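Analysis of the macromolecular model
One letter stands for each residue in the lines below.
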Amino acid sequence: GNPLWAFTPRETISNIQASGTGGGVTLRWSGPSAAACRIYLSPSAPPDSSDAGDALATAPSRAQHYEAAGLAPGTYRYRISCGTARASGTVTVTP
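Predicted model, so just to flag it, every value in this text is computed and none were measured.

**Quick look at the pattern of salt bridges**
For the structure on display, the rule yields 2 salt bridges. We note a salt bridge from aspartate 51 to arginine 86, for which the minimum N-O separation is 3.8 Å. Here the residue aspartate 51 occupies a position in the loop between β3 (38-42) and β4 (55-56), and arginine 86 occupies one in strand β7 (residues 85-93), the gap between them amounting to 35 residues. A salt bridge links arginine 79 to aspartate 54; the shortest N-O distance between them is 2.9 Å. Here arginine 79 is found in strand β6 (residues 74-82), whereas its partner aspartate 54 is found in the loop between β3 and β4, with 25 residues between them in sequence. When its relative accessible area of 8% is taken as the criterion, arginine 79 is described as buried. Residue aspartate 54 is classed as buried on the basis of its relative accessible area of 10%.

Shown next, in the form of structure tokens:
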């Protein structure tokens, strides 16, 4: 086998916590590095795979977070992009 393959860790996003209370969303996660990840948050799915227009997370370290306020109640889709790593899901916002 190729010895390099065993030592190339894949970038991953872990420990995702998503909550939607009080008309806002709070996302917390562990990124693959301290570089700020990008966040897409909307009632609709992302239009494409590009994250160039997405918001930047608050990233003092690998432990990152993103908060959005003033949202209408409902289900929102989120996408966290950290380099080549991607994670997505849904969060329900309550008033």
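This is not the end of the story, as more comes after the structure.
**With respect to the sheet that holds β7**
Read across the open sheet, the 4 strands follow the order β4-β3-β6-β7; overall the sheet is antiparallel. Single-partner strands in this sheet number two, and they are β4 and β7. With 5 bridges joining them, β3 and β6 adopt antiparallel strand pairing. If you follow leucine 41 over to β6, its bridge partner there is tyrosine 78.

Cut-offs used in this document
Residues numbered from 1 in each chain as written. Predicted model: local features only at pLDDT ≥ 70, side-chain atom pairs only at ≥ 80, totals over all residues. Heavy atoms only, no water. Salt bridge = Lys/Arg side-chain N within 4 Å of Asp/Glu carboxyl O. Helix = DSSP H or I, 4+ residues; strand = E, 2+ residues; numbered from the N terminus. Buried < 20%, exposed > 50% of the residue type's maximum accessible area, 1.4 Å probe, protein only. Pairing = 2+ DSSP bridges.

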